[in-house]
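# Chain and residue survey
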Amino acid sequence: MKRIALLISGVLANASVSAATFVVTQFGDPPVNGCTANDCTLREAVLAANATAAPDVIVLQTGTYSLTSFCATDTPNCLDLDITQPLTIEGQGSSNTEITTTIPSNVSPNIADVGNTRLIEASAPLTLRNLRLRKGFVRSSWLYTGFGGCLLVRDAASVLENVVVSECRATSSPFASGGGIAIIGAVSQWQNVTVRNSDADFGGGVHVVNGNDQPLAQLLGNNVLITANRARYGGGVNLSRASLALDQGSRITRNSADYGGGLDAYRPAFVRGSSKSLLEISGNVADTESCGGVRIRDESSYYNFPTRNIALSHLRVQDNVASKSGGGMCITSLGSAPLGTVSLQQSAFARNTGADNGGGLLLNSAESSPYIVLDQVSLWQNQAARGGALRSLGAVALRHVSSYANPSNGGAFDIGGRSSIAFTTSLADTGSIDTSGTVELAASVMTAKCTGSVSDAGNNFVLQSIGCPGVSTTSEKLSLAFADYGGPYPLVGIAQPISILRDLLPPIAGEPDVRGWLRQNQLDVGAHEYDAIAP
C-alpha cells in the first residue's frame with residue numbers, strides 16, 4: 001500500500017517508519033485495494049496506518065463515511081475499523097464529518113459475528129477529533145460480552161476532542177456494556193464530547209471498566225455532556241473498578257436506568273468534578289428501582305476482596321427521581337459486608353425524590369462505625385417517605401452539613417446506626433433527626449424535632465421544645481435563612497453574626513465551614529461561618 005507523503009514531521013527518507021498523514025478521498029467502503037493519493041477510503045487509510053508502529057494521522061473531509069463492508073467473521077477488511085497502531089482520526093467538525101454504518105443490525109440472527117456493526121475498535125492509542133460517530137451496534141452472547149456500540153478502546157490510552165457519539169447500541173444475551181463507548185483498562189481524556197441517545201445493559205452512554213481490581217481505568221474530561229441514554233445499570237455511565245473526573249460544565253443529565261439513572265459505579269477510587277466547576281448529575285431517573293442520580297457500590301468484603309476507600313467530591317446532584325429509594329444517590333454494600341471509608345465532600349443535593357427512603361441520599365450499609373462521612377454538603381428540598389435529606393441504615397458522620405426544607409414522615413436525617421453530627425444546620429425540615437440508633441450532636445443548629453436517642457455533645461442551639469439537646473432559643477434569635485452566601489451552592493446561613501452563636505467553641509486550625517471556607521478564631525456553631533475566609 002502506498003503511503004501518502006504528507007508527513008507529520010516533514011518528508012523523511014524512510015516512509016515505512018515515519019509518521020504520515022493520510023487524506024481520505026472516498027466516502028464509500030468498497031473492497032480494499034490500497035490507499036493512494038487519489039483513491040483512499042477510510043478503511044484503506046486505517047489499514048495503511050496499521051502497517052507500521054508510527055503515530056499516523058487520518059484526515060477526513062466534510063461528509064458521511066458509511067461502513068458497508070460485511071463478512072461472516074470480523075476481519076480488518078470488513079465490519080468495524082480495527083486500530084492496532086497509534087492513530088489520530090480528524091474530521092472537519094462534529095456537525096460536518098460523520099462515521100456511521102448501513103449494515104443492518106439484524107444481519108446475523110445467529111449472533112455468529114457478534115460485533116458486526118460497531119464502528120471502531122482500538123487496541124492502540126487513539127485520538128478522535130472533530131467528528132461524529134452514529135448508529136454503531138454490537139451484540140453479546142453467552143460466550144462473548146459485547147462492548148461499545150460505536151467505539152471500543154481496549155487497554156490503550158484514548159483522547160476525544162470535539163466528538164459527538166449518538167444513536168448507538170449494545171444489546172445482549174445476557175448482557176452488553178457501553179451503548180455508545182466502552183473503555184477497558186486505560187485512561188480516556190475527553191474535551192467537548194457529547195454522548196447521547198444510546199443504550200446498553202451496563203452504561204447506556206459510556207462503560208469504563210478495569211481488567212483487574214486495580215483502579216487504573218479512568219474517564220477524565222472537560223465540557224462533557226452525557227444525555228438521554230438508557231441502561232439497566234447506569235443509564236448515562238457505568239464504572240466497574242474505574243474512576244471518573246469531569247470538569248468545566250460537564251453534565252450527566254436526563255438518562256434512565258433500573259439502578260443508577262445517571263451513574264452506576266462499582267468500586268471507584270473517585271468520582272468528582274472540581275472546586276471551580278461542580279459535576280452536574282441532574283434530571284436522571286431510576287424508573288423501576290432505586291438510585292435516581294447515582295449508585296455507588298462496594299461489595300468487596302462480601303467476596304473477600306480488600307475494602308476500597310472511595311472519594312466523592314464536587315458534585316451537584318439535583319432533580320433526579322427514583323421509583324423506590326435514593327432519589328439523588330445510593331451508597332451501598334452487599335448484605336452486611338463493611339465498606340471502606342466513603343468520603344462525600346463539597347457537594348450539593350437538591351430537589352431529588354425517592355418514593356421510599358432517602359430523598360437526597362440512601363446510605364445502605366448496616367455498619368456500627370461511621371465509614372461514610374459527609375463533609376461540606378448542602379441538601380435542600382429533597383423528599384422521601386423516610387429521610388427527606390438522607391436515610392442511613394448504619395452509622396454515618398456528618399460535618400459541616402446544611403439541610404433545608406427536606407420533607408418526610410420522619411426526620412430530614414433518618415439514621416439507624418451509632419452516628420455523629422457536628423457543625424450542621426437543619427432549617428424548615430419536617431423533622432431534624434429521627435434515629436433508631438444513637439446520634440451525638442455537637443456545634444449544630446436544629447429547628448425541627450429530634451426523635452430517638454440524640455445526645456448532647458455540646459454547643460448546640462435548638463428551637464424551644466422540639467426534643468433536640470442544646471441551648472433552647474427562639475427562631476427570631478437564630479435569624480437563619482437559606483440563600484447564596486458566596487460559595488459553590490446555596491445553604492442555610494446567617495446574614496450577620498449573632499451573639500448567641502459566637503464565642504462558644506475553641507479555635508480549630510483550618511476548620512472549614514459548609515462552603516469549604518476557613519473559620520476564624522471566633523466560631524459560629526452550625527454549618528455556616530459568617531466571617532470565614534474564602535479560598
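Residues numbered from 1 in each chain as written. Predicted model: local features only at pLDDT ≥ 70, side-chain atom pairs only at ≥ 80, totals over all residues. Heavy atoms only, no water.

## Considering the sheet that holds strand E28 (residues 285–286)
Filter applied, for reference: Two strands form a pair only when DSSP identifies at least two bridges running between them. What counts as a helix is a DSSP run of H or I of at least four residues, what counts as a strand is a run of E of at least two, and both are numbered from the N terminus.
A sheet is described by the order of its strands in space; here five strands give the open sequence E20-E24-E28-E32-E35, paired in parallel fashion. If you trace the sheet from one side to the other, it starts and ends with strand E20 (230–233) and strand E35 (353–354), each paired once.

## What to know about unusual backbone geometry
The phi dihedral of Arg-241 is positive, around 55°, even though this residue is not glycine. Relative to the helices and strands, Arg-241 is located in the loop between strand E21 (237–240) and strand E22 (243–247). Positive phi, normally seen in glycine, also occurs at Gln-381, with a value near 55°. Tracing the sequence through the fold places Gln-381 in the loop between strand E37 (372–380) and strand E38 (390–392).

## Comments concerning the layout of surface pockets
Where empty space is left becomes clear once a probe the size of a water molecule has been rolled over the atoms. Counted only if it meets this: Here a cavity means grid points, on a 1 Å grid over the protein atoms only, where a 1.4 Å probe fits yet cannot get out; a pocket means an open set of points with protein on both sides within 12 Å along at least five of seven lines; lining residues are those with an atom within 4 Å of a point. Grid points are joined across faces, edges and corners, and a volume is the space filled by probe spheres set on the points. Side-chain classes are defined by residue name, with Ala, Val, Leu, Ile, Met, Phe, Trp, Tyr, Cys and Pro counting as nonpolar, Asp, Glu, Lys and Arg as charged, and the others, Gly among them, as polar.
Of the volumes computed, that of the largest pocket is approximately 210 Å³. Looking at the largest pocket, it is lined by 14 residues, and the ones nearest its centre are Phe-202, His-207, Val-209, Asn-238 and Ser-240. Counted by class, the lining of the largest pocket contains six nonpolar, five polar and three charged residues. Of the pockets and cavities examined, the second largest pocket occupies roughly 180 Å³. Along the walls of the second largest pocket sit 12 residues, with Tyr-259, Cys-291, Arg-295, Thr-332 and Asn-364 positioned nearest its centre. Elements supplying a minimum of two residues to the lining of the second largest pocket: strand E29 (294–297), strand E33 (329–332) and strand E36 (361–364). Of the residues assigned to the lining of the second largest pocket, the class counts are four nonpolar, four polar and four charged.

## Overview of the side chain of Asn-320
Test applied: The buried label goes to any residue with under 20% of its type's maximum accessible area, the exposed label to any with over 50%, and the partly exposed label to all in between, with areas taken from a 1.4 Å probe on protein chains only. We call two N or O atoms a polar contact when they sit within 3.5 Å, provided that within protein one can donate a hydrogen and the other can accept it, with sequence-adjacent residues counted only if both atoms are side-chain atoms. Between two residues, a contact is recorded if the distance between any of their heavy atoms is within 4.5 Å.
Structurally, the position occupied by Asn-320 is in the loop between strand E31 (315–318) and strand E32 (321–322). Of the residues examined, Asn-320 reaches a relative accessible area of 0% and is grouped as buried. A polar contact of 2.8 Å, which involves the side chain of Asn-320, links it to the backbone nitrogen of Asn-284. In this structure Asn-320 touches Ile-281, Ser-282, Gly-283, Asn-284, Gly-292, Gly-293, Gly-327, Arg-351, Asn-352 and Thr-353, once residues within four positions along its chain are discounted.

## Things to note about the nonpolar core
One broad rule of soluble globular proteins: the nonpolar side chains tend to lie buried together. Stated precisely, the cut-off is as follows: Nonpolar core, defined: a set of buried Ala, Val, Leu, Ile, Met, Phe, Trp, Tyr and Cys residues in which side-chain atoms within 4.5 Å join the residues together.
In this structure, Ile-58, Ile-120, Leu-128, Leu-133, Leu-312 and Leu-374 are the most contacted members of the largest nonpolar core, which totals 109 residues. Top contributing element to this core by residue count: helix H1 (residues 42–50), with five residues. Apart from the residues within four sequence positions on either side, Ile-120 is in contact with Asp-80, Leu-81, Ile-83, Ile-89, Ile-99, Leu-126, Leu-128, Leu-133, Cys-150, Leu-151 and Leu-152.

## A short note on H1
Across the nine residues of H1, nine count as buried, placing the element largely inside the fold. Within H1, the full set of buried residues consists of Leu-42, Arg-43, Glu-44, Ala-45, Val-46, Leu-47, Ala-48, Ala-49 and Asn-50.

## Concerning the state of the cysteines
Inclusion rule: Only a pair of cysteine sulfur atoms within 2.5 Å counts as a disulfide in this structure description.
Taken as a whole and judged by the stated rule, the model has four disulfides. The disulfide that involves Cys-150 links it to Cys-168, with 2.1 Å between the sulfurs. When the S-S torsion is -75°, as for the bridge of Cys-150 with Cys-168, the disulfide is left-handed. One end of the pair, Cys-150, is in the loop between strand E11 (146–147) and strand E12 (151–154); the other, Cys-168, is in the loop between strand E13 (158–166) and strand E14 (169–171), and 18 residues separate them in sequence. Each of the two residues, Cys-150 as well as Cys-168, counts as buried.

## Section: empty space enclosed by the protein
Counting across every chain of the model gives two cavities of 30 Å³ or more. Here the largest cavity is characterised by a volume of approximately 50 Å³. Forming the boundary of the largest cavity are Thr-425, Val-445, Leu-480, Val-492, Gly-493, Ile-494, Leu-501, Val-525, Gly-526, Ala-527 and His-528. By residue number, the principal contributor to the lining of the largest cavity is strand E49 (residues 491–494), which donates three residues. Tallied by class, the residues present in the lining of the largest cavity amount to seven nonpolar, four polar and no charged.

## Structural notes on the packing of aromatic side chains
Defined as follows: Stacked, edge-to-face and tilted are the three classes for Phe, Tyr and Trp ring pairs, Trp counted by its six-membered ring, which pair at centre distances within 6.5 Å; planes under 30 degrees apart are stacked, over 60 edge-to-face, the rest tilted.
Inspection of every chain in the model, using the stated rule, returns six aromatic pairs. Judged by centre distance (5.0 Å) and plane angle (20°), the rings of Phe-202 and Tyr-233 are stacked. Highlighted residues: Phe-202 in the loop between strand E17 (187–196) and strand E18 (206–209) and Tyr-233 in strand E20, separated in sequence by 31 residues. Since its relative accessible area comes to 23%, Tyr-233 is described here as partly exposed. Centroid distance Tyr-233 to Tyr-259: 6.0 Å. Interplanar angle 5°. Geometry classified as stacked. Within this pair, whereas Tyr-233 is found in strand E20, its partner Tyr-259 is found in strand E24 (residues 256–259), the two being separated by 26 residues in sequence.

## A few points about the pattern of salt bridges
One side chain can pair with another of opposite charge once the charged atoms of both are near each other. How we decide: Any carboxyl oxygen of Asp or Glu within 4 Å of a side-chain nitrogen of Lys or Arg constitutes a salt bridge here.
Evaluated as defined, the whole model comprises 22 salt bridges. A salt bridge links Asp-264 to Arg-297, with the nearest nitrogen and oxygen atoms 3.6 Å apart. On the criterion of sequence distance, the pair formed by Asp-264 in strand E25 (residues 263–266) and Arg-297 in strand E29 is long-range, its members being 33 residues apart. What makes Asp-264 buried here is its relative accessible area of 0%. With a shortest N-O distance of 3.3 Å, Arg-391 and Asp-414 are connected by a salt bridge. Taken together, the residues span a long stretch of sequence, with Arg-391 in strand E38 and Asp-414 in strand E40 (residues 413–415) at a distance of 23 residues. Look at Asp-414 and you get buried, because its relative accessible area is 1%.

By themselves, these are just geometric observations and shouldn't be taken as functional.
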